[in-house]
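A structural walkthrough
Okay, here's what each chain looks like letter by letter:
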Amino acid sequence: MKINGSFRCLAVALSCALVTLPQLAQAASPAAVQTAAPVVHDVALQSGGVFHGQALTATGQPNVGVTVTVARDNQVIAQTVTDKSGEFTVSNLNGGLYQVVVGQEGMMFRLWAPNTAPPAAKQQATLVTGAEVYRGQGGHPVLGNVLRSPWFWGGAVAVAIAVPLALDDDGS
């Protein structure tokens, strides 16, 4: 009948869509995201080469008493510990590219000598630790896992086969 034909077309379209979803979910693997160039943040040094920043937890609370390591060209330049406000200060730095590590997490900073920073440069660094970052290229953290499950696809194929058979009122 006409309704049965519509359901068959719908089942075929649904099957085609379900076959393409895993490729969309894995369009860019997390490994491809990790190999991307790191984001570099511009910060203006204060007079005397003073680099000031604050370490925060993922919930916005000060990250108190954690070690902050400032490195350049894989050489540790300075280490300090955050205070009760999560703030830290490192002195006697020159302009350049630095990696700043708080606990186990690091960020790249381009530090500018006083009065040389571009207008977009910040006056201090803000480092957020413990935040799980999801990027669009990696897919949805839950939906991507569901779409990669063989149980999901087995069920989808079973539904795609069972629905037209159940709606077939010819008995054949």
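This section reports on the structure supplied with the text.

Reading the values: rules and limits
Residues numbered from 1 in each chain as written. Predicted model: local features only at pLDDT ≥ 70, side-chain atom pairs only at ≥ 80, totals over all residues. Heavy atoms only, no water. Phe/Tyr/Trp six-rings, centres within 6.5 Å; stacked < 30°, edge-to-face > 60°. Helix = DSSP H or I, 4+ residues; strand = E, 2+ residues; numbered from the N terminus. Buried < 20%, exposed > 50% of the residue type's maximum accessible area, 1.4 Å probe, protein only. Pairing = 2+ DSSP bridges. Axes fitted to C-alpha atoms, helices over the stretch in contact; angles between N-to-C directions. Salt bridge = Lys/Arg side-chain N within 4 Å of Asp/Glu carboxyl O. Expected span 1.5 Å × (residues − 1). Arc of directions from axis to C-beta. Core = buried A, V, L, I, M, F, W, Y, C linked by side-chain atoms within 4.5 Å.

**Looking at the packing of aromatic side chains**
One pass over the structure, following the stated rule, counts two aromatic pairs. Both rings, one in Phe-51 and one in Phe-88, keep their centres 5.7 Å apart while their planes meet at 65°; by these two values the pair is edge-to-face. Placement of the pair is Phe-51 in strand S2 (residues 51-57) and Phe-88 in strand S5 (residues 87-90), with a sequence separation of 37 residues. Neither residue differs from the other here; Phe-51 and Phe-88 are each classed as buried. One aromatic cluster in this structure is built from Phe-51, Phe-88 and Phe-109.

**Considering the sheet that holds strand S8 (residues 125-129)**
If you walk across this open sheet you meet the three strands as S5-S2-S8, and the pairing is mixed. On the outer flanks of this sheet lie S5 and S8, each paired with one strand and no other. This sheet shows a mean twist of 25° between the axes of neighbouring strands, independent of strand direction. Two strands pair when backbone bridges link them, and S2 and S8 are joined in this way by five bridges, in the parallel orientation. Bridge assignment links Gly-53 to a residue of S8, and that residue is Ala-125.

**Things to note about the pattern of salt bridges**
Taken as a whole, this structure holds one salt bridge when the rule is applied. The partner of Asp-42 in a salt bridge is Arg-110, with the nearest N and O atoms 2.6 Å apart. Here the residue Asp-42 occupies a position in strand S1 (residues 40-44), and Arg-110 occupies one in strand S7 (residues 105-112), the gap between them amounting to 68 residues.

**Regarding the sheet that holds S7**
Within the open sheet, the five strands sit side by side as S1-S7-S6-S3-S4. Their pairing is mixed. The sheet is open, and its two edges are formed by S1 and strand S4 (75-81), each paired on a single side. Between one strand and the next, the sheet's axes are offset by a mean angle of 30°, whatever the strand orientation. Bridge analysis of strand S3 (residues 67-72) against S4 gives six bridges, and the strand direction is antiparallel. Each bridged residue has a counterpart across the sheet, and for Val-70 the counterpart in S4 is Ala-78.

**As for helix H4 (residues 150-167)**
Helix length check: H4 (18 residues) gives 26 Å between terminal C-alpha atoms against 26 Å at 1.5 Å per residue, within 8%. Along H4, the residues classified as buried are Trp-153, Ala-156, Ala-160 and Pro-164. Taken end-on, H4 shows its buried residues confined to a sector of 60°, consistent with a single buried face. In H4, the exposed residues that point more than 90 degrees away from the buried face are Pro-150, Trp-151, Leu-165 and Ala-166.

**Describing the nonpolar core**
Counting 18 residues, the largest nonpolar core has Phe-51, Leu-93, Val-100, Phe-109, Leu-111 and Leu-127 as the members making the most contacts within it. Within the residue set of this core, elements represented by two or more residues are S2, S3, S5, strand S6 (96-102), S7 and S8. Per-element accounting of this core gives the leading share, three residues, to S6.

**Digging into the pairing of S6**
Side chains Gly-96, Tyr-98, Val-100 and Val-102 project from S6 onto a buried face, and the interleaved Leu-97, Gln-99 and Val-101 project onto a face without burial. Taken together, the four bridges between S3 and S6 define a ladder with antiparallel strand orientation. If you follow Val-68 over to S6, its bridge partner there is Val-102. When S6 meets S7, the two strands line up antiparallel, connected through seven bridges. Pairing of Val-100 across the sheet is with Met-107, part of S7. Between S6 and the antiparallel strand that follows it, S7, lie two residues; Gly-103 among them carries a positive phi value of about 65°.

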